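# Architecture and fold: a report
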Amino acid sequence: MASPSPIHLEGTTLEGGGQLLRLATCLSALTSTPLRITNIRGKRSGGGGLKAQHLTSIQFLSQASNARLSGAGLKSKEITFLPGRKGLRSSWEGGEVVIKQNTPGSVNLVLQAILPYLLFAGGRDGDAKIGVSITGGTNVSNSPSYEYVDQVLFPMLALIGIPPIEAELHSRGWSTGSTRLGGVTYTIAPLTKRLPAFQLTERGDIKSIRATILAPRACEQHFREELDAMFDKRSTHIFGQRDPDSEVTFEDSHHDKRFYLLLVATTTTGMKLGRDWLYDHGVRSGKIDRVVSSVVKKVFDDLIAEIDHGGCVDEHLRDQLVVFQSLAEGKSRVFGGKRKGGLVKPSLHAKTAHWVANEIVGVQFDEEGSCAGTGICVGGEEEEVEQKVDEDLVKGLEKLEVVA
Ligand SMILES: Nc1ncnc2c1ncn2[C@@H]1O[C@H](COP(=O)(O)OP(=O)(O)OP(=O)(O)O)[C@@H](O)[C@H]1O
């Protein structure tokens, strides 16, 4: 009888970027599913292939699942990934895992790749948490910032039943152009049983808005004035009949090209909707006020659009919850809101996540954002997995040494 081939994913499918690779390798490691991805990040300019951040994630997952791996190099466009072990390393429970990046690749995209693994590979003792320390960029464009993860992602994960995750920022690392790396420790309690299905369907009213500014100290006053003016102008739209409740915090970015604003709306049902923007270009002298005004206006406009659709998640969280819906037990629903009478369509990132989850764990998402998850929690003792694939395929695949 012929040996089964690994699941093959074509890396240019749909969004065709790094998220496809992160989710696919994570689900493969978790479910011991042999995987091959070709044309990795094939829709990205500059030729695609693995960047340092992607490589770090794959290497971690490969070590975690004792996988045989080929193609794990920078700019590599093809990998084969054959997991060789089920269950979380018992030595990690109650211990610390250190993931070092030498570039400012996003810490939180590495976290995105490994968090579901650490949670669903299943712990034996709910009190034995894992400290995961990651170096790299904490605030990188087009990825979840440290603040977004702490203020939106983690509270929303707690709402769906994930044991609370603690975040500690040791140092801030900005994206490219900065030499200093950031460092974060996340403290995670692996699940000891399956995650029950969850329903994020009741948005509620907007109760409060929190603004977090990271910018050069010289523009603090102007940022605060712009935000106050915007809150005054849009307060009725946001809060309706409720009393406006807003809070603003400021931190010096210590960098004359880093202007960041995150706005988070909290609703009466505990939902968190966030929008942010990192402006990381040079500013000509005398133009700082204009940059501040446009950052404030853009982020407010984006947040109001998220509030107006009435859904329980913002665009980014929607794709980030797909893996949790896929792995929870039973039918989970995430209401993404309505616009012009119709449902808000999932973003290309969300559609890509739906596709990957379907290919690897066989779950299907409907138009309303519902999916019957597989209900996985590997748990128990670590167990070696023998992959029955073609011997030719196994030749040339390497196992990485476990360092953590
Ligand atoms: N401003 C933001 N706030 C929160 N999450 C974000 C934000 N911008 C992007 N994301 C999330 O970051 C992820 C980005 O995935 P994507 O594949 O684009 O990243 P990538 O690995 O940098 O790949 P590539 O370089 O190929 O684009 C998605 O899950 C997206 O929702």
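Residues numbered from 1 in each chain as written. Predicted model: local features only at pLDDT ≥ 70, side-chain atom pairs only at ≥ 80, totals over all residues.

Let's shift gears to the overall build of the protein. Tallying secondary structure elements over the protein gives 10 helices and 20 strands in all. The globule rule puts the C-alpha radius of gyration for 404 residues at 22 Å, and the 21 Å found for the protein is close to it. The C-alpha extent of the protein, read off along each of the three principal axes, is 70 × 45 × 40 Å. Here the protein holds 404 residues, and the buried ones make up 48% of them. Considering only residue pairs separated by 6 or more positions, the protein has 79% of its internal contacts joining residues 24 or more positions apart. (Helix = DSSP H or I, 4+ residues; strand = E, 2+ residues; numbered from the N terminus. Rg over C-alpha atoms; globule rule 2.2 N^0.38 Å. Buried ≥ 20, exposed ≤ 12 C-beta atoms within 10 Å, placed from the backbone. Contact = placed C-beta atoms within 7 Å.)

This part covers the sheet that holds strand 10 (residues 199-200). The strand order 10-15-18 describes an open sheet built from 3 strands, whose pairing is mixed. Edge positions in the sheet fall to strand 10 and strand 18 (370-374), since each of these pairs with one other strand and no more. Bridge analysis of strand 15 (residues 329-334) against strand 18 gives 5 bridges, and the strand direction is antiparallel. Note that in strand 18 the partner of Arg-333 across the bridge is Ser-370. (Pairing = 2+ DSSP bridges.)

Our next topic: the site of the ligand. Close contacts around the ligand come from 15 residues, with Gly-17, Gly-18, Gln-19, Pro-144 and His-316 the closest. Sorting the residues of the shell around the ligand by element identifies helix 1 (18-31) and helix 7 (315-320) as the ones contributing at least two each. Residue contributions to the shell around the ligand peak at 3 residues, all from helix 7. Per-class residue counts for the shell around the ligand are 3 nonpolar, 8 polar and 4 charged. (Near = placed C-beta within 6 Å. Nonpolar A, V, L, I, M, F, W, Y, C, P; charged D, E, K, R; others polar.)

Another point: the nonpolar core. Ala-24, Ile-114 and Tyr-117 are the most contacted members of the largest nonpolar core, which has 107 residues in total. Per-element accounting of this core gives the leading share, 11 residues, to helix 3 (residues 107-120). Those residues in contact with Ala-24 that lie beyond four places of it in its chain are Leu-9, Leu-35, Ile-37, Val-356 and Ile-360. (Core = buried A, V, L, I, M, F, W, Y, C linked by C-beta atoms within 7 Å.)

Next up on the list: the environment of Glu-329. One can find Glu-329 in strand 15. Sequence separation of Glu-329 and Leu-9 is 320 residues, and the distance between their C-alpha atoms is 25 Å. Apart from the residues within four sequence positions on either side, Glu-329 is in contact with Arg-194, Leu-195, Pro-196, Ala-197, Gly-373 and Gly-375.

Within this numbering scheme, the UniProt entry marks His-349 as carrying the feature "active site" (unreviewed entry). Counting through the fold element by element, His-349 comes out in helix 9 (residues 348-361). Sequence-distant contacts of His-349, defined by excluding residues within four places in its chain, comprise Glu-15, Gln-19 and Asp-319. (UniProt positions renumbered as here; feature names shortened; annotations may be inferred.)

Orientation of helix 2 (residues 52-64) relative to helix 3, taken along the N-to-C sense of each, is 20°, at an axis distance of 8 Å. As the angle between them shows, helix 2 and helix 3 are arranged roughly parallel. Of the two possible hands of crossing, helix 2 and helix 3 adopt the one that is right-handed. Residues Gln-53, Thr-56, Ser-57, Phe-60, Leu-61 and Ala-64 of helix 2 form the contact with helix 3, whose own contacting residues are Leu-109, Val-110, Ala-113, Ile-114 and Tyr-117. (Axes fitted to C-alpha atoms, helices over the stretch in contact; angles between N-to-C directions. Parallel < 35°, antiparallel > 145°, perpendicular 65-115°, else oblique. Left-handed = near helix turned anticlockwise from the far one by under 90°.)

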